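Report on the structure
Chain residues, written in single-letter form:
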Amino acid sequence: MAGKQVLIVYAHQEPRSFNATLKNVAVEELSQQGCTVTVSDLYAMGFEPRATRNDITGALSNPESFNYGVETHEAFKKRALTSDIVAEQKKVQEADLVIFQFPLYWLSVPAIMKGWMDRVLCRGFAFDIPGFYDSGFLKRKLALLSLTTGGIASMYTKAGDNGDFRYFLWPLQHGMLHFCGFKVLAPQISFAPEYSSEEERKAMVASWAQRLKSLWQEEPIQCSPPWYFGQ
């Protein structure tokens, strides 16, 4: 949709990977719609995933007993966070939609993306207490997880070895995105592209491209326990 701002937070080491293809398709399709698309390519950026006291540029409020959450909250209020965090927060602040593109690692995100979440979505910027879930500071924004799996689709069902895919989405979509106020769109899951035929991979890419054409008309999911775990 013309005039919309999109941020893609992308985590894959290989520029020729299937994840890269999905990212590139999103950039192309959304740009054609008139959106302004920004990509944070975390590996290419050499993004620092570790949450440490080095993230605060000024004096600590309690140097004798370091508490990352407390110190980054204070640093945010004092504009004393490091420049890499501030730059990513600016991208999030300007975005109408944030897409996270990544391969599933141990039923979660790669460490470098988890570090982005830990460092960028700090208290004061993304939430406060009170000021979370429906009152989170990013409540006017959309978020979407686009991910690839190593296992085939049947492994991510209630009867499958990994359980229903919605189970592992709970901490990511509800505990992180919804907590910060995001309105969460349904995930885009590409199952086992590494073990799929060329035709199947093309179909996955085409499905993503087609969905992107009408993405702005989608309704967010009901981000509550029944969506993830049933009644």
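As a starting point, this report considers the structure included with it. Everything numeric here is computed off the predicted structure, so don't read it as measured data.

Side note on the pattern of salt bridges
With the rule as written, the count across this model stands at 12 salt bridges. Note that Asp-118 is salt-bridged to Lys-114, the shortest N-O span being 2.7 Å. Of the two residues, Asp-118 and Lys-114 both sit in helix H5 (residues 111–120), four residues apart, roughly one turn of that helix. Shared partners join several salt bridges into a network, and the residues in it are Asp-55, Asp-84 and Arg-119.

Focus: H5
Counting buried positions along H5 gives seven out of 10 residues, so the element sits mostly inside the fold. Burial in H5 covers these residues: Ile-112, Met-113, Gly-115, Trp-116, Met-117, Arg-119 and Val-120. Close packing links the buried residues of H5 with strand S1 (5–10), helix H2 (42–45), helix H3 (68–77), helix H4 (83–94), strand S3 (97–103) and helix H6 (165–178).

Considering the nonpolar core
If you look at the biggest cluster of nonpolar residues, it comprises 47 residues, and the most contacted ones within it are Phe-100, Phe-102, Met-113, Trp-116 and Leu-121. When residues of this core are traced back to their parent elements, those giving at least two are S1, H3, H4, S3, H5, strand S4 (142–148), H6 and helix H8 (225–229). For Met-113, the contacting residues outside a window of four places in its chain are Val-9, Tyr-10, Ala-11, Leu-42, Phe-100, Gln-101 and Phe-102.

A short note on the side chain of Asp-55
As for its position among the elements, Asp-55 is in the loop between H2 and H3. There is a polar contact of 2.6 Å between the side chain of Asp-55 and the side chain of Tyr-68. In contact with Asp-55, other than residues within four places in its own chain, are Arg-50, Tyr-68, Ala-80, Leu-81, Thr-82, Ile-85 and Arg-119.

Regarding the packing of aromatic side chains
Enumeration over the complete set of coordinates arrives at 14 aromatic pairs. Ring geometry for Tyr-156 versus Phe-168: centroids 6.0 Å apart, planes at 75°, classification edge-to-face. Placement of the pair is Tyr-156 in the loop between S4 and H6 and Phe-168 in helix H6, with a sequence separation of 12 residues. Just as Tyr-156 is buried, Phe-168 falls in that class too. Each ring, one from Trp-170 and one from Tyr-228, has its centre 5.1 Å from the other, and the planes form 80°; the classification is edge-to-face. Of this pair, Trp-170 sits in helix H6 while Tyr-228 sits in helix H8, and the two are 58 residues apart along the sequence. For Trp-170, a relative accessible area of 25% corresponds to the partly exposed category. Counting every residue linked through ring pairs, the aromatic cluster contains Tyr-167, Trp-170, Trp-227, Tyr-228 and Phe-229. Stacked on the ring of Tyr-10, the Lys or Arg Lys-23 has its end atom at 4.9 Å from the ring centre. Directly above the ring of Trp-227 sits Arg-166, whose terminal nitrogen or CZ lies 4.0 Å from the centroid.

Reading guide: rules and limits
- Residues numbered from 1 in each chain as written.
- Predicted model: local features only at pLDDT ≥ 70, side-chain atom pairs only at ≥ 80, totals over all residues.
- Heavy atoms only, no water.
- Salt bridge = Lys/Arg side-chain N within 4 Å of Asp/Glu carboxyl O.
- Helix = DSSP H or I, 4+ residues; strand = E, 2+ residues; numbered from the N terminus.
- Buried < 20%, exposed > 50% of the residue type's maximum accessible area, 1.4 Å probe, protein only.
- Contact = heavy atoms within 4.5 Å.
- Core = buried A, V, L, I, M, F, W, Y, C linked by side-chain atoms within 4.5 Å.
- Polar contact = N/O pair within 3.5 Å; in protein donor to acceptor, adjacent residues only side chain to side chain.
- Phe/Tyr/Trp six-rings, centres within 6.5 Å; stacked < 30°, edge-to-face > 60°.
- Lys NZ or Arg CZ within 6 Å of the ring centre and 35° of its normal.

In short, shape yes, function no, at least from these values alone.
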